Amino acid sequence: MADEKTIGQQKEEALFSRTKSVWLKADEHYAQKIQDFAEGYKVFLDQSKTERECVDLIECMLKEKGFSDLNEKSHIKEGDKVYLVSRNKTIAAAVIGKTSLIEGVNLVGSHVDAPRLDIRPNPLYEDSEMALFRTRYYGGIKCYQWVSIPLALHGVIYNKDNEKVDVCIGEDPGDPVFTIADLLPHLAKDQMAKKMNEGITGEDLNVIIGSVPFKDDKVSEKIKLNMLDILNAKYGIREEDFVSAELEIVPCQKAVDVGLDRGLIGAYGHDDRICAYTSLLGLFDMEATPEKTAVCYMSDKEEIGSVGNTGARSMFIQDFLAEMLLKAGSDAYVGLRKCLVNTKMLSADVSSAINPNFKGLHATNNGAFLGKGIGICKYTGGNAKGGASDANAEFVFKIRKLFNDNNVSWQACELGKMDKGGGGTIAQYVANLGSDVIDCGVPLIGMHSTMEVASKADLYSAYLAYKCFYEKMA
Ligand code: MN
Ligand code: MN
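Residues numbered from 1 in each chain as written. Chains lettered and ligands numbered in written order. Predicted model: local features only at pLDDT ≥ 70, side-chain atom pairs only at ≥ 80, totals over all residues. Heavy atoms only, no water.

(A) The domain arrangement of the protein, seen in detail. Along its sequence, the protein is organised into domain 1 (17–114 + 268–472) and domain 2 (116–251). Relative placement of domain 1 and domain 2: their C-alpha centres are 33 Å apart. The interface is formed by 18 residues belonging to domain 1 together with 15 residues belonging to domain 2. Summed over both sides, the interface of domain 1 with domain 2 buries roughly 1400 Å², with 46% coming from carbon and sulfur. Contact with domain 2 buries surface across domain 1, with Lys49, Arg52 and Thr450 losing the most and accounting together for 34% of the total. (Domains from an automatic or database assignment. Contact = heavy atoms within 4.5 Å. Buried area = accessible area lost by both parts, 1.4 Å probe.)

And the structure:
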């Protein structure tokens, strides 16, 4: 009778809430599924280092899965698969459900932009026998992380012939890369005594582009000229074309397995492509036509406040829903309002997992752990929940029940300790429209760094969570 549980043990089991590592719950077959799923994700990450590349790739994937451009359809009906892109930077896709759109949709919303360095409108200059690009950082970065690593250049330029030129240098084997040189320690006495946000500043993030001069004594800026000459030969561009270009500097690093057991993925851009990818695959893998219309929305500009005509504060998602309503036979504004109020949304964005090096900054008992499943954040925001959406108890309960009933591994979490910082997501902007919204995404360590770390178990849990939300959220 040694195995019989004591009354205390039985009560403990019945009453305590304890999360368990997904790996401990997984049998060999399940663990293999987790590993296999991660392989596809790593390829996706390597092919989508900017918001434009991400949206292009997602559009290709949608077409492959039989989705068609909503603009090209005159009517939509149950079971149809449609998508809409805006300005190559934001995209939404839907599988039309059995119930009317006015009953609301099950929406999973993520973002495809990531912190990076943007090339300035007048970027190219020559200094100390080198040519460099001036940059402006985009999103919340720690500037010191961007020095002394190999960097790639991605983006689009319109040349004098009004041709759009796609640029991608530094990703293929054999490509040259770029870098920002740090100061040697021997001369860094003053730098090392500075605060971390002053040791390397945004103005220091000048990227080395080249060093070989154009051989002509009559020319003053020979290296700069050589760079423009090379770019002109390759892309047909001149210096003025930078003004209208969108060029981004990102780490060259490919997504890699981290750890002897290959349980983690280290990569640039998990935030928030990890939620974009899992919510997209969840949409693809639904087993049947869902009751409610399932919508996968991937926005831009989240890292700078969801602003602009491609950010989540724009009308894009409403326009997508309105267009679907119209093509399903209902063009009244009140129909759109009802649809929005009846909509349920998972704001699919990454959260912060406890980093063993900085445990003191995470919320005790309320922090997420790598490997314990998708994180549910009732609220994000700062100390006083400032900027949070703060989901209603009724909705949080429904989500918890949905995940429990469908064996989705999840954990409740907050971003971190109070009064130590904070952050927001797109949740509040969709909540403003009247929908029920909760933050629900993959916990990361090293968020916003050049090498963010996620657990493959949480990646897979997110996929299962989003899939069952589309399929079964009532
Ligand atoms: Mn994010
Ligand atoms: Mn972010």
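(B) Local environment of the nonpolar core. Within the largest apolar cluster, 63 residues are counted, with the highest numbers of intra-cluster contacts made by Ile58, Leu62, Leu283, Leu346, Ile399, Phe403 and Tyr466. Examining the composition of this core, we find that ten residues originate from one element, helix H13 (residues 456–472), more than from any other. Apart from the residues lying within four places of it in its own chain, the contact partners of Ile399 are Leu346, Ile376, Ile438, Phe469 and Met473. If you look at the next biggest cluster of nonpolar residues, it comprises 36 residues, including Leu117, Leu124, Leu153 and Ile237. (Core = buried A, V, L, I, M, F, W, Y, C linked by side-chain atoms within 4.5 Å. Buried < 20%, exposed > 50% of the residue type's maximum accessible area, 1.4 Å probe, protein only. Helix = DSSP H or I, 4+ residues; strand = E, 2+ residues; numbered from the N terminus.)

(C) Looking closely at the coordination of the manganese ion (ligand 2). At the metal site, the manganese ion (ligand 2) is ligated by Asp271 (OD), Glu303 (OE), Glu303 (OE) and His448 (NE2), and these contacts range over 2.0 to 2.5 Å. Counting residues between consecutive donors of the manganese ion (ligand 2) along the chain gives the motif D-x31-E-x144-H. Separating the manganese ion (ligand 2) from the manganese ion (ligand 1) is a gap of 3.3 Å, which Asp271 spans by donating to each of them. With Asp271 in helix H8 (residues 270–284) and His448 in the loop between strand E19 (443–445) and strand E20 (452–455), this pair connects stretches of sequence that are 177 residues apart. Accessibility classification places Asp271 together with His448 in one group, the buried group. (Donors = N, O, S within 2.8 Å, 3.2 Å for Na, K, Ca; no water.)

(D) Representation of the packing of H8 against H13. Put simply, H8 and H13 touch, their axes get as near as 8 Å, and they point 45° apart. As summarised for this structure, H8 and H13 are arranged oblique, according to the angle between their axes. In the crossing of H8 with H13, the sense of the turn from one axis to the other is right-handed. Contacts from Ile274, Cys275, Thr278, Ser279, Leu281, Gly282 and Leu283 in H8 reach Leu459, Ala462, Tyr463, Tyr466, Lys467 and Tyr470 in H13. Partitioning the contact of H8 with H13 into residue classes produces nine nonpolar, three polar and one charged. (Axes fitted to C-alpha atoms, helices over the stretch in contact; angles between N-to-C directions. Parallel < 35°, antiparallel > 145°, perpendicular 65-115°, else oblique. Left-handed = near helix turned anticlockwise from the far one by under 90°. Nonpolar A, V, L, I, M, F, W, Y, C, P; charged D, E, K, R; others polar.)

(E) Region of the structure containing the coordination of the manganese ion (ligand 1). Taken together, the protein donors to the manganese ion (ligand 1) comprise His111 (NE2), Asp271 (OD), Asp349 (OD) and Asp349 (OD), at separations of 2.1 to 2.5 Å. Ordering the donors of the manganese ion (ligand 1) by residue number gives the pattern H-x159-D-x77-D.

(F) Representation of the environment of Lys301 within the structure. Here Lys301 is to be found in the loop between strand E13 (293–299) and helix H9 (316–327). In the structure, Lys301 is positioned 129 residues away from Asp172 in sequence and 27 Å away in space, judged by C-alpha atoms. If near-sequence neighbours (up to four positions away) are discounted, Lys301 is found in contact with Lys89, Asp113, Tyr138, Ser306, Val307, Thr310 and Gly311.

(G) Region of interest: helix H4 (residues 51–64). Taking 1.5 Å of rise per residue, 14 residues should cover 20 Å, and H4 covers 20 Å from first to last C-alpha, within 8% of that figure. Judged by how many residues are buried, H4 sits mostly within the fold: ten of 14 residues are covered. Here H4 has its buried residues at Glu51, Arg52, Glu53, Cys54, Val55, Leu57, Ile58, Glu59, Met61 and Leu62. Following H4 by one or two positions, Gly66 has its phi on the positive side, about 85°. (Expected span 1.5 Å × (residues − 1).)

(H) Just the packing of aromatic side chains, in detail. For the coordinates displayed, the defined rule picks out eleven aromatic pairs. Aromatic side chains Tyr30 and Tyr460 sit 5.5 Å apart centroid to centroid with 80° between the ring planes, which places their arrangement in the edge-to-face category. One end of the pair, Tyr30, is in helix H3 (residues 28–46); the other, Tyr460, is in helix H13, with 430 residues separating them in the sequence. Take Tyr460: its relative accessible area is 8%, and that puts it in the buried class. Seen in terms of ring centroids, Tyr41 and Tyr277 are 5.4 Å apart; in terms of plane orientation they differ by 45°. Their pairing is tilted. Here Tyr277 lies in helix H8 and Tyr41 lies in helix H3, a separation of 236 residues in the sequence. The same class applies to Tyr41 and to Tyr277, which are both buried. Among the aromatic residues, ring-to-ring pairing joins Tyr30, Phe37, Tyr41, Phe44, Tyr277, Tyr460 and Tyr463 into one connected group. (Phe/Tyr/Trp six-rings, centres within 6.5 Å; stacked < 30°, edge-to-face > 60°.)

(I) Quick peek at the sheet that holds strand E2 (residues 81–86). An order of E1-E2-E3-E13-E4-E14-E18-E16-E17 is seen for the nine strands of this open sheet, with the pairing classed as mixed. Among the strands making up the open sheet, the edge pair consists of strand E1 (68–69) and strand E17 (410–412). Note: strand E4 (residues 105–111) against E13, seven bridges, orientation parallel. Along E13, the bridge assignment pairs Val108 with Cys296. Along the sheet face, H9 touches E2, strand E3 (90–95), E4 and E13 and points at about 35° away from the line of E3. (Pairing = 2+ DSSP bridges.)

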